[in-house]
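Coordinates in review
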Amino acid sequence: VQLQASGGGLVQAGGSLRLSCAASGSIARINAMGWYRQAPGTTRELVAAITSDGVTNYADSVKGRFTISRDNARNTVYLEMNSLKAEDTAVHYCNADRVLAYGRVRDYWGQGTQVTVSS
């Protein structure tokens, strides 16, 4: 199973970006998919997550600005980021939680995509 993330980049404060992450492989089921981020000198933190039933969870710092969505048929998760702030600058990582593939269950991480917001 591989997770391929895309959509990061450089944007001015107040701007928008859309991240995408597609999981590939012989996948039977994915429990939840989400995005985490890590800025230099900090620990990785949850940004947003969504279950296969569409239940979402957001970090307080992004509520009202970010929207997570998911295409279960394509095993793809999206993160629409609006009203970006300088403090959103970080490497963003895609996560797939409790993936059933090849007869076993485990978590997977994408390679990370840089989001830089200039003030």
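Refer to the structure presented above.
Our subject in this report is the structure included herewith. (Residues numbered from 1 in each chain as written. Predicted model: local features only at pLDDT ≥ 70, side-chain atom pairs only at ≥ 80, totals over all residues. Heavy atoms only, no water.)

Now for the sheet that holds strand β1 (residues 2-6). An order of β1-β3-β8-β7 is seen for the four strands of this open sheet, with the pairing classed as antiparallel. On the outer flanks of this sheet lie β1 and β7 (66-71), each paired with one strand and no other. Recorded for the sheet is a direction-independent mean angle of 15 degrees between the axes of neighbouring strands. (Pairing = 2+ DSSP bridges. Helix = DSSP H or I, 4+ residues; strand = E, 2+ residues; numbered from the N terminus. Axes fitted to C-alpha atoms, helices over the stretch in contact; angles between N-to-C directions.)

By the criterion of burial, strand β9 (residues 90-101) is predominantly enclosed, with nine of the 12 residues buried. Two elements, β9 and strand β11 (residues 113-118), share three bridges in a ladder whose sense is antiparallel. Bridged to H92 within β11 is T113. Relative to strand β10 (residues 104-109), β9 is paired through five bridges, and the arrangement is antiparallel. Looking at the pairing, L100 lines up with V105 of β10. Taken together, β9 and the strand that follows it, β10, pair antiparallel across an intervening segment of two residues, in which Y102 is found at a positive phi of about 55 degrees. (Buried < 20%, exposed > 50% of the residue type's maximum accessible area, 1.4 Å probe, protein only.)

Counted under the stated rule, the structure contains one disulfide. Across a sulfur-sulfur distance of 2.1 Å, C21 and C94 are joined as a disulfide pair. On the sign convention where negative is left-handed, the bridge of C21 and C94, at about -85 degrees about the S-S bond, is left-handed. Residue C21 is found in strand β3 (residues 17-24), and its partner C94 is found in strand β9; the two are separated by 73 residues along the sequence. In terms of burial, C21 and C94 fall into one category: buried. (Disulfide = S-S within 2.5 Å.)

With that settled, the discussion passes to the nonpolar core. As a rule of thumb, nonpolar side chains are buried together in soluble globular proteins. Grouped together as the largest cluster of nonpolar side chains are 30 residues, with contacts concentrated most on W35, I68, V77, L79 and M81. When residues of this core are traced back to their parent elements, those giving at least two are β1, β3, β4 (27-38), β5 (45-51), β7, β8 (76-81), β9 and β11. In this structure V77 touches L19, S20, C21, M33, W35, I50, I68, S69, R70 and C94, once residues within four positions along its chain are discounted. (Core = buried A, V, L, I, M, F, W, Y, C linked by side-chain atoms within 4.5 Å. Contact = heavy atoms within 4.5 Å.)

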